[in-house]
Amino acid sequence: AQFADQLVTTIVGNKPLHFREITPEQKRLFLAQLFEAAPVLQGIKADVDLAMVSLNNVPNQFLLPPLEAAVQPLKEQLPRVQHSLAIALPLLDALPLVSGYPKAQRYLFLFQNNDELRPTGGFIGTYGILDLRDGEIQSLFTDNIYRLDRLADREKRLRVVPPAPIKDHLNVKYWFLRDVNWSPDFPTTARQALEFYQKESRDPLPIDGVLAITPTVVVRLLELLGPITVGEAQFTSKNLIDTLQFYVEKGYAEVGLPDIERKEIIATLTKEIMERLSTLSLTRIPDLLDIVEGAMRERHVLIYETNPALQSLVMNQQWDGRVRTAPNDFLMVVDANLGALKTDSVMERKVAYTVTPDRGRLKATLSITYHNSGLFSWKTTRYRTYTRIYVPRGAELIRSDGFISEDKKQTAKAADKSDDLGKTVFGGYLIVEPRDTKTVTLEYYLPPNVMESSYTLYAQKQSGTEANPLLVTLQFGKKITAWQPTGFHVTKKGDTLTFPTDLRVDRQFTVEF
């Protein structure tokens, strides 16, 4: 409290301020103090952690009334302080560097629509260039990505053959920025995006990083900021996605805009949100930090920095959206909406994963169930996805069911097999008609090194997805002595453990024998 009071009072005095009212010099001083305060902040966190250890040693019963009256508020409030510090410190540590102190930062900004899911979050319909200096937005330019891609195609600035599923199912000859996020590993995608952008735009200025967000972030911001009116349209946290998508797909024609300008409303809305954020009361900054931290943890915000030291900081906080390494078992299901409009808005997914002993080896059985609750409309249609399943390198496919060859014939096809990012990858194409349900099933042997003295499964969520249900069932044919996590209504029956959970965030399961 003393540190925060000194920090704020030194910079802005005792007057309540909006962010906009803080002068550039005050912002620079604030960021400078944060930049230099890392050891102090870590010391504060260590003190609070030690206090929690001591507090947990205080008995819950048989205290004299004056002691109980003093201890009880601490037991209620100190864990909240500890939780808040755990969230805030990484953000405060990165804030000066990311926001342009001591060096200005220039970012390629990607707006990924997760109603049209792609491997790192969604289809990139809008891009931008964001310039930050000393915590202030110097400029923010956004534009329809098709304007850039079509110019690059017309002038033959980029001639890259796309990945086979994009080429085959989208029927495109060349690969452009709008489809660049084919790798689920965001650092890989970000490096490719920077290369494509600079070749397509011929922008001579260097770029320091890539920021990507999904509309989910904007929905959460509107819950904080309240309704925003652009022209005759009012956007709220409840109607944002439907209203915006209707305008850019259909409504633009009603107001006489050409196709290439149909996404101008996104730029206007973005500027209005920035304006609201700049006038947000400083007392609401903790609420804003909660939104940002949650969006990063759930991978609706992804960051890539070209500076290795800063990228290391981003990576340590798991804000980089990389595909994780795992010493034992690993599972990641990655969907790529290929020509299915915004049908991900009505898709329901369930993942069931089972491990059982089989002939001296461990056999994994994976089922992914898709239900299309939509209809044929301007927004939704039959769901077309190329789905990839990332598993430990060396896994051996036994059988697959549910993938098809192409749209017209729809004949059954075995899963494709490849290697990527240090993993074995099984993949295939499928179609789910409106009101229909389809299940993809794979059986495969896990490599021998997956289980030695213990077993660990790391289940990674696809960036941009919501809390898809996940059911993990583990059986090893031997006595289980301990397991993690212990929540989520875990059940143990004999030598079988069942974990019903979801993939709002990554999940890890550990079993000891």
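Just so it is clear, the model here is predicted, and its values are computed rather than measured.

Q: Pulling in residues and values, what's your account of the sheet that holds strand β18 (residues 482-484)?
A: Taken in spatial order, the seven strands of this open sheet run β13-β14-β11-β8-β16-β21-β18, and their pairing is mixed. Every interior strand has two partners, whereas the edge strands, β13 (416-420) and β18, have only one. The sheet shows a mean angle of 20° between the axes of neighbouring strands, direction not considered. Pairing geometry for strand β11 (residues 383-392) and strand β14 (residues 423-432), over 10 bridges, is antiparallel. Note on β14: the bridge partner recorded for T385 is L430.

Q: Requested: an account of the sheet that holds strand β2 (residues 123-133), with residues and values cited.
A: By definition, the strands of a sheet pair up through backbone hydrogen bonds, in either a parallel or an antiparallel sense. Taken together, the five strands give an open sheet; going across it, the order is β3-β2-β1-β4-β7, and neighbouring strands pair in mixed fashion. On the outer flanks of this sheet lie β3 (136-144) and β7 (301-305), each paired with one strand and no other. Across this sheet, the average inter-strand angle for adjacent strands is 20°, counted without regard to direction. With nine bridges joining them, strand β1 (residues 105-113) and β2 adopt antiparallel strand pairing.

Q: Summarise the packing of helix α3 (residues 38-56) against helix α4 (residues 65-98); cite the residues concerned and give the values.
A: At a closest axis distance of 10 Å, the pairing of α3 and α4 adopts a crossing angle of 150°. Comparing the axis directions of α3 and α4 gives the class roughly antiparallel. Considering the relative orientation of α3 and α4, their crossing is left-handed. Between α3 and α4, the residues in contact are A38, L41, Q42, I44, K45, V48, D49, A51, M52 and L55 and V71, L74, K75, L78, P79, V81, Q82, L85, A86, L89, L92 and D93, respectively. A per-class count over the contact of α3 with α4 returns 16 nonpolar, two polar and four charged.

Q: Before we move on, could you go through helix α5 (residues 145-154) and cite the residues and values that matter?
A: In an α-helix, one full turn covers 3.6 residues, which means residues spaced three or four apart are oriented alike. Here α5 has its buried residues at I145, L148, D149 and A152. The arc that holds every buried residue of α5, seen down its axis, measures 95°, which confines them to one face. Those residues of α5 that are buried lie in contact with β2, β3 and α7 (186-201). Its side-chain oxygen at 3.0 Å from the backbone nitrogen of Y146, N144 defines the N-terminal cap of α5. Looking at the residues trailing α5, positive phi occurs at K156, about 55°.

Reading guide: rules and limits
Residues numbered from 1 in each chain as written. Predicted model: local features only at pLDDT ≥ 70, side-chain atom pairs only at ≥ 80, totals over all residues. Heavy atoms only, no water. Pairing = 2+ DSSP bridges. Helix = DSSP H or I, 4+ residues; strand = E, 2+ residues; numbered from the N terminus. Axes fitted to C-alpha atoms, helices over the stretch in contact; angles between N-to-C directions. Parallel < 35°, antiparallel > 145°, perpendicular 65-115°, else oblique. Left-handed = near helix turned anticlockwise from the far one by under 90°. Contact = heavy atoms within 4.5 Å. Nonpolar A, V, L, I, M, F, W, Y, C, P; charged D, E, K, R; others polar. Buried < 20%, exposed > 50% of the residue type's maximum accessible area, 1.4 Å probe, protein only. Arc of directions from axis to C-beta. Polar contact = N/O pair within 3.5 Å; in protein donor to acceptor, adjacent residues only side chain to side chain.

Interpretation in functional terms is not warranted from these geometric data alone.
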